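# Structural features, examined
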Amino acid sequence: MLAATAGFADLIFSEELKAQIDRVSNLSAADVASDETFWNTIREAYTTSATIINLNNGGVSPAPKVVQDAVDRYNKLTAEGPSYYMWQVLDKGREGLRKKIAALAGADAEEIAINRNTTEALDNIIFGLDFEPGDEVLLTRQDYPNMINAWKQREKRDGIVLKWIDLDLPTNDTKELVKRYTIQITNRTKLVQVNHIINWTGHINPVRAIADAIHAKGPEVMIDGAHTFGHFQFSVPELGGDYYGTSLHKWLSASVGSGMLWIKKEKIHKVWPLMGAPDTQDVNNIRKFENLGTRSFPIEYAIANAIDFHMMIGPQRKEERLRYLKNYWVNQCLGLPKFMLNTHMDPAFSCAIANFSISGLEPADIATKLMQDYGIHCVAINWENIHGVRIAPHVYTSTADLDMLVAAIKKMCA
Ligand SMILES: Cc1ncc(COP(=O)(O)O)c(C=O)c1O
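Residues numbered from 1 in each chain as written. Predicted model: local features only at pLDDT ≥ 70, side-chain atom pairs only at ≥ 80, totals over all residues. Heavy atoms only, no water.

## Notes on the pattern of salt bridges
Just so we agree on the cut-off: Whenever a carboxyl oxygen of Asp or Glu lies within 4 Å of a side-chain nitrogen of Lys or Arg, that contact is scored as a salt bridge. Strands here mean DSSP runs of E at least two residues long; helices mean DSSP runs of H or I at least four residues long; both are numbered from the N terminus. To sort residues, take the accessible area from a 1.4 Å probe on protein chains only and compare it with the maximum for the residue type: under 20% means buried, over 50% means exposed, and anything in between is partly exposed.
Summed over the entire model, instances satisfying the criterion amount to 27 salt bridges. A salt bridge links Asp69 to Lys65, with the shortest nitrogen-to-oxygen separation between them at 3.3 Å. Placement of both Asp69 and Lys65 in helix H4 (residues 65-79) is noted, with a separation of four residues, approximately one turn of the helix. Under the relative-accessibility criterion, Asp69 is labelled partly exposed at 30%. Residue classification places Lys65 among the partly exposed positions, given a relative accessible area of 40%. Salt bridges sharing partners connect three or more residues here, namely Asp91, Arg94, Glu95, Arg98, Glu110, Arg287, Glu290, Arg295 and Glu300.

Given below as structure tokens:
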């Protein structure tokens, strides 16, 4: 995401936030990363649980209060006359929202479709491309189950051939990653799926290098960006893919059930939308992917409020803080007996998320103990060759929360 995106003014929601934003405005993002007073004010803008420490923001992130309030407001308005207020009032804001998402993505608004999540975004591509029996698609064993299942369905139904890449994580070896993603490409390979972040460990793939190498051999590139939009800064088109899908209810902190699909303009015409489009809708029109039927417009329109909140924090400040939080707990655990980190600490290869294991303990037992004894909610991972516990703090996470995690890990490692 672009740091200083045209069209975004400084958006302030309270006097206290304004005072804090003013106070840090001349500091570097790196300096602000450890400014607990600033981040405590951001925490206050969320409705954080007073009883559990939520370190599974990778599964889904909470929305700050301004976003929750916007959904409530739009819901109340909608209830006054749903078909009128949804379709004739709220929906008038759709093109403005599209532009706002596009500005954050560094993309053209005509390449952005608004939908409900990554699954829906990428299923449009998986089920919407014309393939012949025998055409090949490459994906990794470490990809997300929904995407794997969708491809397997096409394999069963249409006779396409899935070829599996195996990743050995953690790594920061771009050359090796490029090799794994390209070595099986043949003249029958039509598309390679590349995860921007491998959700199990938080590994950030060097997508541009991988995408360029794939394109050089011919196939298209579909990027699963479920975990990256609003997490750290990049421009979606500059990732070098043809298709990119993301969930806005993860790192952008939009309300649950909001997502986005980006398609390179010249590719839009060749993708059949998952939900049929009217004859009058041009095949080059990105809006053909938005014929979802009746759904929650309040959730959809509150995406704009989540973008305002994200811009108020500042994308650069947010990225620095998220990486700082990961480093904060990991650096206190590295070197502990039995502690193993399953995520690379190279800043280009991880940001907020990291995965750890403790030799002799099952991931599920660690996660259960963290919840039972410390009230820490996180997720145990047992997927293919990845076994560990995923820790995903967010901007509202305090270092005191992470001190509790570190104390718990130290005790389990002792
Ligand atoms: C890599 C990856 N892809 C896709 C998804 C699906 O996201 P959603 O459930 O929002 O559709 C997830 C969810 O965690 C994910 O981690």
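## Let's talk about the packing of helix H7 (residues 118-128) against helix H8 (residues 145-158)
Threshold: Lines fitted to C-alpha atoms define the axes here, with helix axes fitted over just the stretch in contact, and angles between the N-to-C directions of these axes take values from 0 to 180 degrees. Note on angle classes: values under 35 degrees are labelled roughly parallel, values over 145 roughly antiparallel, values of 65 to 115 roughly perpendicular, and the remainder oblique. The crossing is said to be left-handed when, going from far helix to near helix, the turn is anticlockwise and less than a right angle, and right-handed when the turn is clockwise. Here, two residues are considered to be in contact whenever any of their heavy atoms come within 4.5 Å of each other.
Put simply, H7 and H8 touch, their axes get as near as 10 Å, and they point 25° apart. Classed by the angle they form, the pair H7 and H8 counts as roughly parallel. Between H7 and H8 lies a crossing of right-handed hand. Mapping the contact onto sequence places Thr118, Thr119, Leu122, Asp123, Ile126 and Phe127 in H7 and Asn146, Met147, Ala150, Trp151, Gln153 and Arg154 in H8.

## Comments concerning the nonpolar core
Filter applied, for reference: Only buried residues count toward a nonpolar core, which is a set of Ala, Val, Leu, Ile, Met, Phe, Trp, Tyr and Cys residues joined through side-chain atoms within 4.5 Å.
Grouped together as the largest cluster of nonpolar side chains are 79 residues, with contacts concentrated most on Ile42, Ile101, Phe229, Tyr244, Met260 and Ile303. The element that contributes the greatest number of residues to this core is helix H12 (residues 303-313), accounting for eight residues. In this structure Met260 touches Ile101, Ala105, Ile112, Ala113, Asn115, Ala121, Phe229, Tyr244, Gly245, Thr246 and Leu248, once residues within four positions along its chain are discounted. Counting 27 residues, the second largest nonpolar core, distinct from the first, contains Cys333, Cys378, Leu402 and Ile409.

## Quick word on the packing of aromatic side chains
Filter applied, for reference: A pair of Phe, Tyr and Trp rings is counted when the ring centres sit within 6.5 Å of each other, with Trp represented by its six-membered ring. The angle between the planes then sorts it: under 30 degrees is stacked, over 60 is edge-to-face, the rest tilted.
The full count for this structure, using the stated rule, is 14 aromatic pairs. Ring plane angle 20° and centroid distance 6.4 Å describe the contact between Tyr144 and Trp200, whose orientation is recorded as stacked. Here the residue Tyr144 occupies a position in the loop between strand E3 (136-140) and H8, and Trp200 occupies one in the loop between strand E6 (197-198) and strand E7 (203-204), the gap between them amounting to 56 residues. Residue class for Tyr144 comes out partly exposed when judged on its relative accessible area of 34%. When the centroid spacing of 4.9 Å and the interplanar angle of 20° are considered together, the rings of Trp200 and Trp383 count as stacked. Of this pair, Trp200 sits in the loop between E6 and E7 while Trp383 sits in strand E14 (residues 379-383), and the two are 183 residues apart along the sequence.

## Section: the sheet that holds strand E10 (residues 259-263)
In a beta sheet, neighbouring strands pair by backbone hydrogen bonds and run either parallel or antiparallel. What counts here: Pairing between two strands is assigned when DSSP locates at least 2 bridges connecting them.
What the seven strands build is an open sheet, ordered E2-E10-E9-E8-E5-E3-E4; its pairing is mixed. Bordering the open sheet on either side are strand E2 (112-115) and strand E4 (161-165), each of which pairs with just one other strand. Each adjacent strand pair in this sheet contributes to an overall mean axis angle of 20°, direction not counted. Examined bridge by bridge, strand E9 (residues 243-247) and E10 share five bridges and lie antiparallel to one another.

## Focus: helix H15 (residues 399-413)
Under the convention used in this document: Here the expected length of a helix is defined as 1.5 Å per residue gap, with one fewer gap than residues.
If you check H15, its first and last C-alpha atoms are 21 Å apart, about what 15 residues at 1.5 Å a residue would give, namely 21 Å. Those residues of H15 lying buried are Thr399, Asp401, Leu402, Leu405, Val406, Ala408, Ile409, Met412 and Cys413.

## Side note on the site of the ligand
Stated formally: Whether a residue is near a molecule or strand is decided by its heavy atoms; if any one of them lies within 4 Å of it, the residue is near. In protein, a polar contact means a hydrogen-donor-capable atom and an acceptor-capable atom, both N or O and within 3.5 Å, with residues adjacent in sequence counting only if both atoms are side-chain atoms; elsewhere, any N or O pair within 3.5 Å suffices.
Close contacts around the ligand come from 13 residues, with Thr119, Asp224, Ser247, His249 and Lys250 the closest. Contacts to the ligand include Thr118, whose backbone N or O atom sits 3.4 Å from an oxygen atom. Between the ligand and His249 there is a distance of 2.9 Å, counted from an oxygen atom to a side-chain nitrogen or oxygen.

## Focus on the side chain of Arg94
Relative to the assigned elements, Arg94 resides in helix H6 (residues 94-105). Ignoring anything within four residues of it in the chain, the contact list for Arg94 reads Ile114, Glu290, Arg295, Phe297, Glu300 and Tyr301.

## Observations concerning the packing of helix H13 (residues 315-333) against H15
Here is the rule we go by: We call Asp, Glu, Lys and Arg charged. Ala, Val, Leu, Ile, Met, Phe, Trp, Tyr, Cys and Pro are nonpolar, and the rest, Gly among them, are polar.
Contact pair H13 / H15: the axes reach a minimum separation of 9 Å and the direction vectors enclose 25°. It follows from the interaxial angle that H13 and H15 lie roughly parallel. For the element pair H13 and H15, the recorded crossing hand is right-handed. Every residue of H15 that contacts H13 at Arg321, Tyr324, Leu325, Tyr328, Trp329, Gln332 and Cys333 is listed here: Thr399, Leu402, Asp403, Leu405, Val406, Ile409 and Lys410. Across the contact of H13 with H15, the residue classes tally to nine nonpolar, two polar and three charged.

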